[in-house]
Structure formats: C-alpha cells, structure tokens
Amino acid sequence: MLAAAAGVDWSRLGERALCDACLGRLFGKAGHGFTNPERGRPVRSAHGLPASPCSLCGGLLDEVPKFADLVAAKLEPWEVRTFLIGSRVDPELAAKEEALWVELGLASGEPVKNEVNREVGKLVTAKTGKAVDLRRPDVAAIVDTQFDVVDLEVAPLFLYGRYRKLSREIPQTRWPCRRCRGKGCDHCGGKGKMYETSVEEVVAAEVMKQTDGTGHALHGMGREDVDALMLGNGRPFVLEVSQPRRRTVDLTMVAGAVNRSGVVEVEGLRSSDRDEVVALKADRADKTYRARIRFAEAVDAAKVKEGLAALARARIAQRTPVRVSHRRADAVRERSVKGAELLAADGREAEVLLTAEAGTYVKEALHGDGGRTVPSLAGILGVPCEVLALDVMRIHDVG
Ligand SMILES: [Zn+2]
Ligand SMILES: [Zn+2]
C-alpha cells in the first residue's frame, strides 16, 4: 500500500516514537480513502517503530473527541446548517513536523492542523448532523488546541428584496449623527441619528426580531435622495444581518410587518449571499424619474415638449453638483439622457418623465446647477427652473 514508506531510512528517527496518526500523516497524500492511523499502522509493524509517547504531536490527536465535544457545545445555541473547523496548534509542533519531513526526505506530508480540522469535523457531523462546508459555511469554529477554547465566526445572513419608499422624510439607510456618532446629543435631539427611521431600519426590524442578530446593513442598488419617493418596481437591496442566532426567517411575516409601516413596502424577499451584494453595487441600470418642476416664468407646453425632446438622447456633461461637493471631488462626468416627456403642464409648473443612465444627476439635468450641467432643460429653454419633487418610477435592471 505505501511504497513510499519502504524507501525511508527509519533509523534516522532514533529513539523518537510516532503515534499511528503522525506516522500515517507523513504519507498523507498516498493511499486515498484511508485515515492516517490506517496508513500508519502497517508501516509501524513492517519497520518495528515505537508508538508512544508521540514525539511529534505529544498525544494531541487523542484529544480530537474532546475538541469535537467543545465545538458541538459551542454550536448548540446557534441555528446553523453548515460549519467549518479551523484550529490553532502550537507553532513549535508545526516547525518540528516540517523538520521531520526534511530529515526523512519526504515531500508528501500532511500538516497536523489539517488532520485535526478534518477529524474534528467528522465527529462534529456525527454528533450534530450538521455538514462541513469548506467554501461558505454558516459558521467557522476555531479550536485553540493548547487552551481548549473554541471561537465562533458566524457568517452574516443575507436577504434580497425590492423596496418602495413612500415617504420624503426618511433616508435609505440609518443616518448616524455626525456630531455625537450615535451617542445622542442636542444636535440630533438625543436620538443619535438624523432621521427618526430609514428604509433599512423598517426592513430590518422584524428580521432582527426573528434572527436575534447583533447588527444590520442595507446594501442598495444605488440610492435615492431622502426627499425622493422610490416607486414602481422598487429598488433591489440586500439586507445583511450580523451574527444571527437563527437563520430561518419567515419572509411572509417580514413582508407583512414592513408593508404595514406605511412608509416602506417590500416584495420578492428571498435568501441571498455576499456575491449578490457585489453584483448590486456594480449594477449600472438606467432609471426613470418623475419630476415636478417650477419655471421662473410661465412657459408654453409646446416649448417645454421641444426642450425635453432636445434633452432626450443628449449626452450631458455634469460638473459635480454644489449639493454633493462636500463629499465628492470636483469632476466633470458625461451621462446620457435616454428619454424625456411631458406628463402635465400648468402655467409655471410641469411634470416630466425622464429616463437616464445610472449616475446621472437628474435634478441638475433639469435646472442646470448654475451652468455646471450642460445641456439642461433650463439652459435649452433659457428659463431658470427649480425641481419641487423627484421620484424614482422604475429601475431598469430587469426586462
Ligand atoms: Zn502523534
Ligand atoms: Zn447627536
């Protein structure tokens, strides 16, 4: 079975003993389908090698069942389906092990850490029925083999959905007070935040109740202004919950609680993952907006229509707007307006529908931002205007 063992000069071990597992691990990549003790035993009997006390692991591998008990107890209060075992072993042991490979002229040894991780994993699966997932486990259990301590790294829970925002008073995400950083001060009226609530907090409330997580974050496919409504098909988002005790979420109940809030609605809730957060952040979907504008003087509806037609399909150059210049570097960027039409006109006021490329400063495309956006509706018409209200009507990420 282990031809590699035949060519080794075992006399180099001298008086040192090796347990079956440590012996077998020297050939850890040979004889697939065997455990390390199963590999070690025949080598020992063929060469008459002593087994104990093991000069390498010092009996560490006999402790695997104890480590598995510790992990199983630690996992008990957490609802997890999959796990991964990691371990910290005495760095001296790892160094000794590598030195032995060199001494015996072996290239295929398996580090002791790998064996501890794998064998503890097998026992934990047998005890708990939970499966090992090496790629994306619900929890990683890190066993400190010197101090018999287990640390858990619980993976966040991710929920995808689309939201509509029905209030001009709330932001997309929780907005902590800059002055007190959340502690509460005069500036924020003791709340620690600048707005009573947010889409994030409304969506998270019921999820936090069900999962008993320690914190949350809302990742949106872009964001609308605080005073803008988000209507139509809603905006895709992923809610991330830190350290959830429970991972089974009653999504119907969550949707019900959110939809009763009167300020936010959600649909299409389902489970998600970190990859989808990355995809959301990279999305460049066009968006359709409805804007109510007021001109400095009455403008003929036919003339507004003409102006919008000229704006539609235009390539516009936008210098960083004054309203965001405190948080973004001054730069000029180009965006396309892909459609613009007049919905209603009444003297000085008009309602328009405008579809634009992701990242367009839409208010500025209408009022021109004092000449910083060119062309703009105000610029084309030669009549200043202000944007009274702006709502997102559709996000064109699907169909
Ligand atoms: Zn050993
Ligand atoms: Zn404050």
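Not measured: the values here are computed from a predicted model.

### Focus on the coordination of the zinc ion (ligand 2)
Six octahedral donors around a metal ideally subtend angles of 90 or 180 degrees, whereas four tetrahedral donors ideally subtend 109.5 degrees.
Stage number 1. In the first shell of the zinc ion (ligand 2), the protein supplies C177 (SG), C180 (SG), C185 (SG) and C188 (SG), at 2.2 to 2.4 Å from the metal.
Stage number 2. Metal-centred angles of 103 to 113 degrees between the four donor atoms at the zinc ion (ligand 2) mark the site as tetrahedral.
Stage number 3. Each donor residue of the zinc ion (ligand 2) belongs to the same chain, and together they define the spacing C-x2-C-x4-C-x2-C. For the pair C185 and C188, one class covers both residues: buried.

### Remarks on the packing of helix α7 (residues 199-211) against helix α8 (residues 251-259)
Stage number 1. Running from N to C, α7 and α8 cross one another at 140 degrees; their axes reach a closest spacing of 8 Å. For the element pair α7 / α8, the angle class is oblique. Crossing hand, α7 versus α8: right-handed. Between α7 and α8, the residues in contact are V202, V203, E206, V207 and Q210 and M253, V254, A257 and V258, respectively.
Stage number 2. Class assignment of the residues belonging to the contact of α7 with α8 gives a composition of seven nonpolar, one polar and one charged.

### Quick look at the coordination of the zinc ion (ligand 1)
Stage number 1. Within the protein, the atoms that donate to the zinc ion (ligand 1) are C19 (SG), C22 (SG), C54 (SG) and C57 (SG), at distances of 2.2 to 2.3 Å.
Stage number 2. One can describe the site at the zinc ion (ligand 1) as tetrahedral: its four donor atoms subtend angles covering 105 to 117 degrees at the metal.
Stage number 3. The sequence pattern formed by the donor residues of the zinc ion (ligand 1) is C-x2-C-x31-C-x2-C. Placement of the pair is C19 in the loop between α1 (3-6) and α2 (20-25) and C54 in the loop between α3 (36-47) and α4 (64-75), with a sequence separation of 35 residues.
Stage number 4. Among the residues examined, C19 registers a relative accessible area of 16% and is labelled buried.

### Description of the sheet that holds strand β1 (residues 82-88)
Stage number 1. Taking strand neighbours across the sheet as the criterion, the four strands line up as β2-β1-β3-β4 in an open arrangement whose pairing is mixed. Taken across any chain shown, the strands that pair with only one partner, and hence form the sheet edges, are β2 (131-132) and β4 (149-154).
Stage number 2. Both strand β3 (residues 139-144) and β4 contribute to a ladder of six bridges, which runs antiparallel. Bridged to A140 within β4 is E153.
Stage number 3. Where α4 meets the sheet, its contacts fall on β1, β3 and β4, and the angle it forms with β4 comes to roughly 45 degrees.
Stage number 4. Packed onto the sheet, helix α6 (residues 112-128) meets β1 and β2 and runs at close to 145 degrees relative to β1.

### Considerations on unusual backbone geometry
Stage number 1. Omega for the bond connecting S52 with P53 falls within 30 degrees of zero, at 0 degrees, which places this linkage in the cis form.
Stage number 2. Inspection of the secondary structure assignment puts P53 in the loop between α3 and α4.
Stage number 3. Omega for the bond connecting V374 with P375 falls within 30 degrees of zero, at -5 degrees, which places this linkage in the cis form.
Stage number 4. Mapped onto the elements of the fold, P375 is located in the loop between β13 (373-374) and α12 (377-381).
Stage number 5. The phi angle at D148 is positive, at roughly 55 degrees, despite the residue not being glycine.
Stage number 6. Position of D148 among the secondary structure elements: in the loop between β3 and β4.
Stage number 7. Even without a glycine there, the phi angle at D369 is positive, about 50 degrees.
Stage number 8. Counting through the fold element by element, D369 comes out in the loop between α11 (362-367) and β13.

### Re helix α5 (residues 91-104)
Stage number 1. Look at α5: 20 Å from first C-alpha to last across 14 residues, which is about the 20 Å you get at 1.5 Å a residue.
Stage number 2. Those residues of α5 that sit buried are L93, E97, L100, W101 and L104. All buried residues of α5 project into a common sector of 100 degrees when viewed along the axis, lining one side. For α5, exposure combined with an orientation more than 90 degrees from the buried face picks out P91, E92 and V102.
Stage number 3. Buried positions along α5 lie against α2 and α6.
Stage number 4. Backbone nitrogen of E92 and a side-chain oxygen of the N-cap are separated by 3.0 Å at the start of α5; the cap is D90.

Analysis parameters
Residues numbered from 1 in each chain as written. Chains lettered and ligands numbered in written order. Predicted model: local features only at pLDDT ≥ 70, side-chain atom pairs only at ≥ 80, totals over all residues. Heavy atoms only, no water. Donors = N, O, S within 2.8 Å, 3.2 Å for Na, K, Ca; no water. Tetrahedral: all angles 85-135°; square planar, octahedral: opposite > 155°, others 65-115°. Buried < 20%, exposed > 50% of the residue type's maximum accessible area, 1.4 Å probe, protein only. Axes fitted to C-alpha atoms, helices over the stretch in contact; angles between N-to-C directions. Helix = DSSP H or I, 4+ residues; strand = E, 2+ residues; numbered from the N terminus. Parallel < 35°, antiparallel > 145°, perpendicular 65-115°, else oblique. Left-handed = near helix turned anticlockwise from the far one by under 90°. Contact = heavy atoms within 4.5 Å. Nonpolar A, V, L, I, M, F, W, Y, C, P; charged D, E, K, R; others polar. Pairing = 2+ DSSP bridges. Expected span 1.5 Å × (residues − 1). Arc of directions from axis to C-beta. Polar contact = N/O pair within 3.5 Å; in protein donor to acceptor, adjacent residues only side chain to side chain.

These figures capture arrangement, not role.
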